[in-house]
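Residue-level structure breakdown
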Amino acid sequence: MEDDVRSRRISYQRGRLDVATAARDPLEQFRGWLDEALRAENVIEPNAMCLSTVDAGGQPSSRIVLLRQWDARGYVFYTNYESRKGRELAENSRAALLFWWGALERQVRIEGPTERVLEVESDAYFASRPRGHRLSAWASRQSAVNPDEASLADAMVRAGASFPDDVPRPPYWGGYRVLPDRFEFWQGRPDRVHDRIVYARNRAGWTLERLSP
């Protein structure tokens with residue numbers, strides 16, 4: 001079984017990234033790459049990103065979440081505040097995001113502190129979700145032990161009965177914004193000589209440097 005993975009290799013050939021041609025602002029660089037990923041037919045859920053958090057004891061954990069908003073302030077995802085990620089962000093507000101667009105041979109890493117978005121923003125996004133998604137926010141105590149599938153199905157039925165019309169946002173559910181202070185853009189290159197450009201925030205704006213692969 002080991003041979004199934006130890007010899008698998010891909011030679012990345014699709015593009016290159018250079019300090020001279022990269023955008024001076026990482027938000028503009030991200031916008032260009034995200035637009036390409038959104039247009040690419042072979043990129044599944046281009047707004048999917050790996051969110052990594054760390055608890056008070058230093059134990060990291062990672063999971064895939066969906067980017068739902070982004071602008072100059074930061075990158076927003078939504079979740080249950082009482083989930084593992086929510087508890088860890090309460091203990092340590094710093095987080096890391098990773099976008100992997102394999103079909104484009106690219107990844108983007110974003111790091112920074114987090115904050116909860118305003119309740120009005122969470123309300124607006126929650127109201128835009130399909131009804132079933134809103135009901136599941138009431139039915140599921142995210143990350144808590146669930147005895148069986150039937151229990152969750154019953155909870156969905158009860159939530160539907162409780163909210164036959166509008167489904168309000170639960171008080172324990174809402175958005176977080178990652179406030180970036182570091183970006184890294186990675187473009188796969190032949191022979192593992194990958195292009196890596198890092199942006200770091202300082203008082204004057206952003207510094208831009210090339211890293212060794």
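You'll find the structure just up there.
Below or above, wherever it landed, is the structure these notes cover. (Residues numbered from 1 in each chain as written. Predicted model: local features only at pLDDT ≥ 70, side-chain atom pairs only at ≥ 80, totals over all residues. Heavy atoms only, no water.)

Across the two faces of strand β2 (residues 60-66) the burial differs, with Ser 61, Arg 63 and Val 65 buried and Pro 60, Ser 62, Ile 64 and Leu 66 not buried at all. Connecting the antiparallel pair strand β1 (residues 48-54) and β2 is a turn made up of 5 residues, with Gly 58 showing a positive phi of about 90°. (Buried < 20%, exposed > 50% of the residue type's maximum accessible area, 1.4 Å probe, protein only. Helix = DSSP H or I, 4+ residues; strand = E, 2+ residues; numbered from the N terminus. Pairing = 2+ DSSP bridges.)

This part covers the side chain of Asp 195. Its location among the elements puts Asp 195 in strand β9 (residues 195-202). A residue is classified by how much of its surface remains accessible, and Asp 195, at 2% relative accessible area, is buried. Separated by 2.7 Å, the side chain of Asp 195 and the backbone nitrogen of Leu 17 make a polar contact. The contact partners of Asp 195, leaving out residues within four places of it in the chain, are Arg 16, Leu 17, Phe 185, Trp 186, Gln 187, Arg 189 and Arg 210. (Polar contact = N/O pair within 3.5 Å; in protein donor to acceptor, adjacent residues only side chain to side chain. Contact = heavy atoms within 4.5 Å.)

It is worth spelling out the pattern of salt bridges at this point. Applying the stated criterion to the full structure yields 18 salt bridges. A salt bridge links Glu 88 to Arg 84; the shortest N-O distance between them is 2.8 Å. Linking Glu 88 with Arg 84, this pair stays in helix α3 (residues 84-91), spanning 4 residues, or about one helical turn. You can call Glu 88 buried: its relative accessible area is 4%. Residue class for Arg 84 comes out partly exposed when judged on its relative accessible area of 35%. A salt bridge links Arg 177 to Glu 115; the nearest nitrogen and oxygen atoms lie 3.4 Å apart. You can see Arg 177 sitting in strand β7 (residues 173-178) and its partner Glu 115 sitting in strand β6 (residues 106-116), a full 62 residues away along the chain. (Salt bridge = Lys/Arg side-chain N within 4 Å of Asp/Glu carboxyl O.)

Scope: geometric values only; no functional claims are made or implied.
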